[in-house]
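Listed below, chain by chain, are the residues.
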Amino acid sequence: MCKWTYSESAQQLANEEIEQLQILKTPEKTLYHYTSREVFWLIMESETFLARHIMFSNDYEENKIGKQKVSRAMENAHMPLSEPDALPFMVCFCEEEDLLSQWRGYAKEGVAMEFDFSKGLYGINNGFSSYYCYTIMNADVEEKEAKEKYISKNLVGNEEIFMGAIVSPYSVIYTGSGDAVDVNIQECIDKIKNSEVENKQQHASGIIPYIKNEKFGEEREYRLIFDMKQFTSGLNQHLLQKKYVYLDADGIKKPNIRVKFGNQEKAEADEVINVYYVNDSWTETLTNLKDELSAEGISVELIRDTTLYPMEPYEVVLSSGKNQEVVCIRLRMLLTRPNQRVKVWCDGHLPVRRIIVGPSKDAELMKSSIEEYLKTKYWMKDIEVKVSDIPLRT
């Protein structure tokens, strides 16, 4: 559960509250997003997720079940009820990388995209330079000055502005379809009631998008949720409509919003690129590169720290900054050797680590197509592509 429209600092506090309450868990390993080929290419070409309106989920009853369960749990806890006024959009992930039911239900002849949140969103509480997750409509509206800046920008038509961060995907609570309240849901509501968090009703209603029928339990799902209610009235109404992306599904136009990773202002302004690594044998080589870049007017800081997050010896992570592409290319040239594997990940971009092509007659051709496309953007070059191990049924 998240407070979705807050500044970065407020968002961190909100998520610390959630972590302390242990309401929903964050991922401990990479997650997979299954999708169609059409949506996959939209994601890669725009470098954004498409978050779907929760009312147009593949499981049409899940929002209804969530409301029923949370309302009943709030009654049991003697908390005042209120009709949620949220406008949630969601991006869904699965713990399983090659699951037949996922291919059939969400990505027939599609792809599964592997995302590593440990080096991005999930690392924010450890102080690491994170993949802050923003919607394209984002603006910091917490402070009066920022709000005035936000309104003035939009009056002149500038829509590339940013709002508060979402820290991590959170796990789904699976429950039965009967009237009984699942013990996990009741525990969540009770913890919120007995906590010191502000606006307990908001926290309670915020659980609704994370509730799903137990029949889908094998998916072991996590979700990123974005609440866009702030943009549904007055001056901001036109912004929400402009940011909708409608995707056709059997004649039904399903509304989505674009979700962008990365603090773009930071990426355009930061002069210094932090290079995170754990391989001690690289230190001398990286130090020499730092000196070379410094002579060219490019500032680099080397940070070797094995405690930041799990990191393999062949991995390097670069912070956002205006010279990120140059540093990335130079690092690959410098560290790549015969039989030496190196991967350079770039903060501020989608944390894609691998792409799995689903069972299909042209799976190998699709794989080749993706591999060629990945060569066109510097931050994508180390993403792996493979074909599903599940045989095609003809």
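The model shown is predicted, which means the values in this text are computed figures rather than measured ones. (Residues numbered from 1 in each chain as written. Predicted model: local features only at pLDDT ≥ 70, side-chain atom pairs only at ≥ 80, totals over all residues. Heavy atoms only, no water.)

Asker: Kindly report on the overall build of the protein chain, identifying the contributing residues and their values.
Answerer: When its secondary structure is counted, the protein chain shows 12 helices and 17 strands. For the protein chain, the proportion of its 394 residues judged to be buried stands at 53%. Summarising the internal contacts of the protein chain: among those between residues at least 6 apart in sequence, 81% fall at separations of at least 24. With an accessible surface of roughly 18,300 Å², the protein chain has 47% of that area assigned to carbon and sulfur atoms. (Helix = DSSP H or I, 4+ residues; strand = E, 2+ residues; numbered from the N terminus. Buried < 20%, exposed > 50% of the residue type's maximum accessible area, 1.4 Å probe, protein only. Contact = heavy atoms within 4.5 Å. Areas by Shrake-Rupley, 256 points an atom, 1.4 Å probe, with all protein chains shown as cover.)

Asker: Tell me what's going on with the confidence of the model for the protein chain, and back it up with residues and numbers.
Answerer: Of all residues in the protein chain, 75% have pLDDT values of 70 or greater, and the mean over the chain is 78. The secondary-structure element of the protein chain with the lowest mean pLDDT is helix H5 (residues 144-155), recorded at 35, while helix H12 (residues 363-374) shows the highest, at 98. With pLDDT under 50 throughout, residues 1-17 is counted as low confidence; its partners more than four residues away or in other chains account for 56 contacts. Counting contacts from residues 120-131, a segment whose pLDDT is below 50, to residues more than four positions away or on other chains yields 46 contacts. (pLDDT = per-residue confidence, 0-100.)

Asker: Lay out unusual backbone geometry in plain terms, naming residues and giving numbers.
Answerer: The phi dihedral of Glu109 is positive, around 55°, even though this residue is not glycine. Take Glu109: its relative accessible area is 42%, and that puts it in the partly exposed class. Unlike most non-glycine residues, Arg220 shows phi in positive territory, near 45°. Structurally, the position occupied by Arg220 is in the loop between strand S8 (211-213) and strand S9 (221-227).

Asker: Any details on the layout of surface pockets? Residues and values, ideally.
Answerer: Approximately 770 Å³ is the volume found for the largest pocket. Only strand S1 (31-35), helix H2 (37-46), strand S2 (48-53), strand S3 (88-94), helix H4 (100-106), S9, strand S10 (244-249) and strand S11 (252-261) provide two or more residues apiece to the lining of the largest pocket. (1 Å grid on protein atoms, 1.4 Å probe; cavity = no way out; pocket = protein on both sides within 12 Å on 5 of 7 lines; lining within 4 Å. Points joined across faces, edges and corners; volume = space filled by probe spheres on them.)

Asker: Break down the packing of aromatic side chains for me, with residues and values.
Answerer: Applying the stated criterion across every chain yields a total of nine aromatic pairs. Look at Tyr170 and Tyr210: their rings are 6.4 Å apart centre to centre, the planes differ by 90°, and that puts the pair in the edge-to-face class. Of the two residues, Tyr170 is situated in strand S6 (residues 170-171) and Tyr210 in the loop between helix H7 (200-205) and S8; the sequence distance between them amounts to 40 residues. Tyr210 carries the same exposure label as Tyr170, and that label is buried. One residue, Lys212, lies across the ring of Phe216, its end atom 4.9 Å from the ring centre. The residue whose ring lies beneath Arg353 is Trp345, and the NZ or CZ to ring-centre distance is 4.0 Å. (Phe/Tyr/Trp six-rings, centres within 6.5 Å; stacked < 30°, edge-to-face > 60°. Lys NZ or Arg CZ within 6 Å of the ring centre and 35° of its normal.)

Asker: Could you give me a rundown of helix H10 (residues 283-295), with the residues and numbers involved?
Answerer: The end-to-end C-alpha distance of H10, which contains 13 residues, comes to 19 Å, matching closely the 18 Å that a straight helix rising 1.5 Å per residue would cover. Along H10, the residues classified as buried are Leu286, Leu289 and Leu293. All buried residues of H10 project into a common sector of 55° when viewed along the axis, lining one side. Residues Glu284, Ser294 and Ala295 are exposed on H10 and point more than 90 degrees away from its buried face. In the core, the buried residues of H10 are packed alongside strand S12 (272-277), strand S13 (299-304) and helix H11 (324-335). (Expected span 1.5 Å × (residues − 1). Arc of directions from axis to C-beta.)

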